[in-house]
Amino acid sequence: MKPGWEMVVGLEVHCELKTDTKLFCGCPNMFGDEPNTNVCPVCLGLPGSLPVLNQKAVEMAMAIGTALNCEIRPSTFHRKNYFYPDQAKDYQISQYDEPINANGHLDLPDGSRVGIERAHMEEDTGKTTHAGTSGRIHGADYSLVDYNRSGVPLVEIVSAPDMRSSAQARAYATELRAVLVASGASDGKMEEGSMRVDANVSVRRSAGDPFGTRCEIKNLNSVRSLGRSIDYEADRQIALLESGEAVVQQTRHWDEDAGRTVALRSKEEAYDYRYFLEPDLVPLVPDAEWVEAVAATLGMMPATRRARLIDLLIDGGGASEAQVDQVATVVDLGLDDLVVAAVAAGVGSGLALARTANEAATDADAARRLDSGSYVALLTMEGAGTLTATQAKALLVDLLADGGGDPVAMAKARGFEAMSEDSLASTVAEVVVTHPDEWERYCEGGEKGDKLAGFFTGLVMKATRGRANGKAVAVELERLRGS
Amino acid sequence: MTEPGRLTRDDVAHVASLARLHLSDEELDLFTGQLAEVLDHASDVASLDLAGVAPTAHAMAVVNVLRPDEVRPGMDREEVLAQAPSVEDHRFRVPRILGEAP
């Protein structure tokens, strides 16, 4: 960001709800099916068809509103009229001046708070494929439409223009995605389009100035694209303003390969959509009892789950910076219950967090299915020194592949039996005797001498084919040196 | 047609272009008059003193009409596509629309 300027960013996030059916009809809400196989008179806009609201979609919208600290309000549906074939009806049913959720906020891990202006319900559009420009069919000049997605329930979450950097916008999108997943309303898959982010960007000279003219960026398929496009767009606007030109309010398309935004169309004024109340739908008026019942089904939100893990690390002197990252990874992957279970069973919090963030996380799908009892048993053995770190990691790979198992039996089958203290001591004594020069230097100590601890540990590991516990070897070496 | 707030010929031309309707000069005159009469009726209602009357979203005093989230069979694809004037790759084939503004 160029010094002397401030960027102002607001995000609009469309989130597909993971209901079984569409918002206003019983067609399956399914990604990736054969074109035009999940359609009916309602979502094809055939004359005489009537929409009926999906109760589950309403409850998921209320869950999102609750998770985003919104007021849940009586709401109505409007027709948003526009001329484009992605809705067969030529209008989209959306919520306009009376959205179901309003006036909320989302707190980010860095401590900043982003306002949520509204989170309203609407239906998704069909998918249009343009023939002719893609090169697939040369010279053609038409579009092909698949209405499977038409009518899929969406919640559009509109933030306040509260963000001041691309990093903050990325953090908001990441945290919002985690909240949507935790609320049970969405799978949060940006790559499948179930979460789509548009960014409104403007720039100004200082925080006290009125907002500048904004541009809306579309086609952001990842959090990384979001950050890159915002930085590009802010720089583009600053260059315009510094050369005495004006920013034109418009929608711009992010070109990921070229790394730039290009003008798509001038933003239509809101009144051009000719919104009017949808006469085929009645108002939605959730009573307090219903709102509370939905709120009661909400699981813990990511911020609470991160705080829960950080609390577990307090005994070990508090979370280090690396551990804060590990906590974020574990919560993002939904593996925090494994850590909590291990610590509750007496495993050290640092070990439980590290194994989960570093090893279990490499196959998070399997780790979420893993029987936590076997995971806890494995970490207990490693924590007690019955298994070395290397052995524990090897057994974890097997546990993840099998969905669980008895780590004691698995260790035995692999010959991972811990060495007895006597046997370890005699092996250490043996390598010490056979390397008298190195031992002498080790005993002299100092920086150079101490480094030889690694040399002896390596010899012991070699002699025991990795069965020795590294920490126990270090203790034994130290004991011999001091005696 | 020049009184303030009354629908103008330009308003009708604008709305027609948003809906991609191509109206002749005669049609513009005709519909401007007809639509203005409809809107005049709305202004009659708007001129009433409705202080203390709650806004009404719908003629029926019914709220929360909902259906369970259960899949119901839709239409057979061949039947659906047979209704379309043009089809390609099991998709509706439509004239290309560039942007959204006329």
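Criteria and cut-off values
Residues numbered from 1 in each chain as written. Chains lettered and ligands numbered in written order. Predicted model: local features only at pLDDT ≥ 70, side-chain atom pairs only at ≥ 80, totals over all residues. Heavy atoms only, no water. Helix = DSSP H or I, 4+ residues; strand = E, 2+ residues; numbered from the N terminus. Buried < 20%, exposed > 50% of the residue type's maximum accessible area, 1.4 Å probe, protein only. Areas by Shrake-Rupley, 256 points an atom, 1.4 Å probe, with all protein chains shown as cover. Rg over C-alpha atoms; globule rule 2.2 N^0.38 Å. Contact = heavy atoms within 4.5 Å. Lys, Arg positive; Asp, Glu negative; His and termini not counted. Charge placed at Lys NZ, Arg CZ, Asp CG, Glu CD. Pairing = 2+ DSSP bridges. Expected span 1.5 Å × (residues − 1). Polar contact = N/O pair within 3.5 Å; in protein donor to acceptor, adjacent residues only side chain to side chain. Buried area = accessible area lost by both parts, 1.4 Å probe. Salt bridge = Lys/Arg side-chain N within 4 Å of Asp/Glu carboxyl O. Nonpolar A, V, L, I, M, F, W, Y, C, P; charged D, E, K, R; others polar. Core = buried A, V, L, I, M, F, W, Y, C linked by side-chain atoms within 4.5 Å. Axes fitted to C-alpha atoms, helices over the stretch in contact; angles between N-to-C directions. Parallel < 35°, antiparallel > 145°, perpendicular 65-115°, else oblique. Left-handed = near helix turned anticlockwise from the far one by under 90°. Domains from an automatic or database assignment. Phe/Tyr/Trp six-rings, centres within 6.5 Å; stacked < 30°, edge-to-face > 60°. Lys NZ or Arg CZ within 6 Å of the ring centre and 35° of its normal.

## Observations concerning the overall build of chain B
- Tallying secondary structure elements over chain B gives three helices and three strands in all.
- For chain B, the succession of helices and strands along the chain, N to C, is α-α-β-α-β-β.
- Counting all 102 residues of chain B, 20% fall into the buried class.
- For chain B, the exposed surface amounts to about 7,500 Å²; the carbon and sulfur share of it is 58%.

## Concerning the overall build of chain A
- Regarding its fold elements, chain A presents 16 helices and 15 strands.
- Its C-alpha radius of gyration of 29 Å places chain A more than 25% over the 23 Å reference for a compact globule of 483 residues.
- Projecting the C-alpha coordinates of chain A onto the three principal axes gives extents of approximately 90 × 55 × 55 Å.
- Here chain A, with 483 residues, has 50% of them falling under the buried criterion.
- In chain A, of all internal contacts separated by at least 6 residues, the share reaching a separation of at least 24 is 69%.
- Of the roughly 21,700 Å² of accessible surface on chain A, 51% is carried by carbon and sulfur atoms.
- Taken together, the 48 basic and 72 acidic charged side chains of chain A have centroids lying 3 Å from each other.

## Examining the sheet that holds strand E8 (residues 127-131) of chain A
- Reading across the sheet, the four strands line up as E8(A)-E9(A)-E3(B)-E2(B) and stay open at both edges, with antiparallel pairing between neighbours. For this open sheet the edge positions go to E8 of chain A together with strand E2 (87-88) of chain B, each flanked by a neighbour on one side alone.
- Where E2(B) and strand E3 (residues 91-95) of chain B come together, two bridges link them in antiparallel fashion. Within E3(B), the position partnered with B:Glu88 by the bridge is B:Arg91.

## Observations concerning the environment of A:Phe416
- In this structure, A:Phe416 sits in the loop between helix H12 (407-413) and helix H13 (421-434).
- Placed 74 residues apart in sequence, A:Phe416 and A:Ala342 show a C-alpha to C-alpha distance of 21 Å.

## Some details on helix H1 (residues 55-67) of chain A
Residue and element names in this part refer to chain A.
- Along its 13 residues, H1 runs 18 Å from first to last C-alpha, staying within 8% of the 18 Å computed at 1.5 Å per residue.
- Taken together, the buried positions of H1 are occupied by Ala57, Val58, Glu59, Met60, Ala61, Met62, Ala63, Ile64, Gly65 and Ala67.
- The backbone nitrogen of Lys56 lies 2.9 Å from a side-chain oxygen of the residue at the head of H1, namely Asn54.

## Considering the interface of chain A and chain B
- Taken together, the contacts link 57 residues of chain A with 36 residues of chain B.
- Here chain A meets chain B over a buried area of about 4,000 Å², counting both sides, of which 60% is carbon and sulfur.
- When residues of chain A are sorted by the area they lose upon contact with chain B, A:Phe83, A:Tyr142 and A:Val282 head the list and together hold 16% of the total.
- Counting across the chain A and chain B interface gives one salt bridge.
- The shortest N-O distance in the salt bridge between A:Glu34 and B:Arg77 comes to 3.6 Å.
- Inspection of the chain A/chain B interface yields 18 residue pairs in polar contact (both at pLDDT 80 or more).
- For the side of chain A that touches chain B, the elements supplying multiple residues, two or more each, are strand E2 (53-54), H1, E8 and strand E9 (142-146) of chain A.
- Among the elements that make up the side of chain A that touches chain B, the one with the highest residue count is E9(A) (five residues).
- Looking at the side of chain A that touches chain B, its residues break down into 34 nonpolar, twelve polar and eleven charged.
- As paired strands, E9(A) and E3(B) are joined by four bridges and run antiparallel to one another. Note on E3(B): the bridge partner recorded for A:Ser143 is B:Val94.

## Side note on the nonpolar core
All names here are of chain A.
- Within the largest apolar cluster, 76 residues are counted, with the highest numbers of intra-cluster contacts made by Leu11, Ile64, Leu68, Met121, Ile157, Tyr172 and Leu226.
- The leading source of residues in this core is H1, at eight residues.
- Beyond its immediate stretch of four places on either side in the chain, Tyr172 contacts Leu11, Leu106, Leu108, Val114, Ile116, Ile157, Ser159 and Met163.
- Leu309, Val327, Val339 and Leu378 belong to the second-largest nonpolar core, a separate cluster that totals 33 residues.

## Let's talk about the packing of helix H2 (residues 166-182) of chain A against helix H3 (residues 223-242) of chain A
Residues and elements named next belong to chain A.
- Packing of H2 against H3 brings their axes to within 9 Å, and their N-to-C directions diverge by 155°. Accordingly, the angle class assigned to the pair H2 and H3 is roughly antiparallel. With respect to the hand of their crossing, H2 and H3 are arranged in right-handed fashion. The residues of H3 that touch H2, namely those facing Ser166, Ala169, Arg170, Ala173 and Thr174, are Val223, Leu226, Gly227, Ile230 and Asp231.

## So, H2(A)
- The end-to-end C-alpha distance of H2(A), which contains 17 residues, comes to 24 Å, matching closely the 24 Å that a straight helix rising 1.5 Å per residue would cover.
- Positive backbone phi, at 80°, marks A:Gly184, one or two positions downstream of H2(A).

## Considerations on the domain arrangement of chain A
- Taken domain by domain, chain A comprises domain 1 (6-296), domain 2 (300-390) and domain 3 (421-482).
- If you average the C-alpha positions of domain 1 of chain A and of domain 3 of chain A, the two centres end up 63 Å apart.

## Some remarks on the packing of aromatic side chains
- Tallied over the full model, the rule gives nine aromatic pairs over all chains.
- Ring plane angle 70° and centroid distance 6.1 Å describe the contact between A:Tyr273 and A:Tyr275, whose orientation is recorded as edge-to-face.
- Overall, A:Tyr273 belongs to the buried group, its relative accessible area being 13%.
- Owing to a relative accessible area of 22%, A:Tyr275 belongs among the partly exposed residues under this scheme.
- Centroid distance A:Trp439 to A:Phe456: 5.6 Å. Interplanar angle 80°. Geometry classified as edge-to-face. Here the residue A:Trp439 occupies a position in helix H14 (residues 436-444), and A:Phe456 occupies one in helix H15 (residues 446-463), the gap between them amounting to 17 residues.
- Look at A:Trp439 and you get buried, because its relative accessible area is 14%.
- Members of the aromatic cluster, connected to one another through ring pairs, are A:Trp439, A:Tyr442, A:Phe455 and A:Phe456.
- Positioned over the ring face of A:Tyr273 is A:Lys80, at 4.5 Å from the centre of the ring.
- A cation sits over an aromatic face here: B:Arg93 above A:Tyr142, 3.6 Å from the ring centre.

## Points about the pairing of strand E4 (residues 78-81) of chain A
Residues and elements named next belong to chain A.
- Side-chain alternation along E4 places His78 and Lys80 on one buried face and Arg79 and Asn81 on a second face that is also buried.
- Judged from the four bridges that link them, E4 and strand E5 (residues 91-94) form a sheet pairing that is antiparallel. When the bridges of E5 are listed, Lys80 appears paired with Gln92.
- One ladder, built from two bridges, connects E4 with strand E15 (residues 276-277); its direction is antiparallel. In the sheet register, His78 faces E15, and the bridge partner there is Leu277.

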